[in-house]
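So you can see what is in the structure, the chains are spelled out below.
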Amino acid sequence: QVRLEESGGGYVQTGDSLRLSCVVSGSIFSINVMAWYRQGPGKERELVAVINDGGTRYADSVEGRFTISRDNAKNTMYLQMNSLNAEDTAIYYCAAGQFYAQIGNGGGYWGQGTQVTVSS
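Okay, so let's go over this structure. It should be emphasised that the depicted structure is a prediction, and the values quoted were computed from it without experimental measurement.

This next bit is on the overall build of the protein chain. Within the protein chain, the regular secondary structure consists of 1 helix and 11 strands. Ordering the α and β elements of the protein chain from the N terminus gives β-β-β-β-β-β-β-β-β-α-β-β. Taken against the 2.2 N^0.38 rule, which gives 14 Å for 120 residues, the C-alpha radius of gyration of the protein chain at 13 Å falls within 12% of a compact globule. Along the three orthogonal principal directions, the C-alpha set of the protein chain runs to about 40 × 30 × 25 Å.

Strand order across the open sheet formed by 4 strands is β1-β3-β8-β7, with antiparallel pairing between neighbours. Looking at strand neighbours, the two that pair on one side only are β1 (2–7) and β7 (66–71), the edges of this open sheet. Direction aside, the axes of adjacent strands within the sheet are offset by 15 degrees on average. Sheet topology note: the β1/strand β3 (residues 18–26) ladder contains 6 bridges and is antiparallel. Across the sheet, residue V2 finds its bridge partner in β3, namely G26.

What follows is about the nonpolar core. Across soluble globular proteins, nonpolar side chains show a tendency to be buried alongside one another. Grouped together as the largest cluster of nonpolar side chains are 28 residues, with contacts concentrated most on W36, L79, M81 and Y92. Mapped onto this core, the elements with two or more residues apiece are β1, β3, β4 (33–39), β5 (46–52), β7, β8 (76–81), β9 (90–97) and β11 (114–119). V33, Y37, A95 and I103 belong to the second-largest nonpolar core, a separate cluster that totals 7 residues.

Two aromatic rings, taken as a pair, are described by how far apart their centres are and by the angle between their planes. This model, assessed by the stated rule, comprises 1 aromatic pair. Look at Y37 and W110: their rings are 5.0 Å apart centre to centre, the planes differ by 50 degrees, and that puts the pair in the tilted class. Within this pair, whereas Y37 is found in strand β4, its partner W110 is found in strand β10 (residues 109–110), the two being separated by 73 residues in sequence. For Y37, a relative accessible area of 6% corresponds to the buried category. Directly above the aromatic system of W110 lies the positively charged group of R45, at a separation of 4.1 Å from the ring centroid.

It is worth spelling out the side chain of R38 at this point. Inspection of the secondary structure puts R38 in strand β4. Among the polar contacts listed, one links the side chain of R38 to the side chain of S61, at a separation of 3.4 Å. Side chain to side chain, R38 and Y92 meet in a polar contact 2.9 Å long.

Okay, the pattern of salt bridges next. One pass over the structure, following the stated rule, counts 6 salt bridges. A salt bridge links R38 to D88, with the nearest nitrogen and oxygen atoms 2.9 Å apart. Here R38 is found in strand β4, whereas its partner D88 is found in the loop between β8 and β9, with 50 residues between them in sequence. In this pair, the class of R38 matches that of D88, namely buried.

About the cut-offs
- Residues numbered from 1 in each chain as written.
- Predicted model: local features only at pLDDT ≥ 70, side-chain atom pairs only at ≥ 80, totals over all residues.
- Heavy atoms only, no water.
- Helix = DSSP H or I, 4+ residues; strand = E, 2+ residues; numbered from the N terminus.
- Rg over C-alpha atoms; globule rule 2.2 N^0.38 Å.
- Pairing = 2+ DSSP bridges.
- Axes fitted to C-alpha atoms, helices over the stretch in contact; angles between N-to-C directions.
- Core = buried A, V, L, I, M, F, W, Y, C linked by side-chain atoms within 4.5 Å.
- Buried < 20%, exposed > 50% of the residue type's maximum accessible area, 1.4 Å probe, protein only.
- Phe/Tyr/Trp six-rings, centres within 6.5 Å; stacked < 30°, edge-to-face > 60°.
- Lys NZ or Arg CZ within 6 Å of the ring centre and 35° of its normal.
- Polar contact = N/O pair within 3.5 Å; in protein donor to acceptor, adjacent residues only side chain to side chain.
- Salt bridge = Lys/Arg side-chain N within 4 Å of Asp/Glu carboxyl O.

Nothing here speaks to function; it is all geometry.
See below:
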């Protein structure tokens with residue numbers, strides 16, 4: 001089993017920055033891809049960023065403002081979020097799996113989420 005735990009959310013002002021963390025524990029040898037998703041109020045869950053050995057990919061809405069990274073020594077994935085705006089308000093979830101398609105279909109492993117609220 002794999003366990004994911006997010007942290008770092010909070011209440012910030014427009015233009016501020018936050019860094020989210022996702023600590024992975026358990027059978028991490030099965031993990032090849034990790035991602036951040038978010039679900040805003042009244043919205044469907046959407047992909048924010050994904051990272052694997054092949055590189056990174058971002059949603060158009062966060063490209064240039066957010067950076068996904070991971071520290072394998074610490075079994076931790078990060079999401080650096082800069083120039084935040086009200087549209088970024090959401091619960092942010094980290095996800096992990098063997099293949100991206102697995103995560104994209106809602107499978108794999110998911111954390112409980114961390115709330116990010118950006119005040120305008």
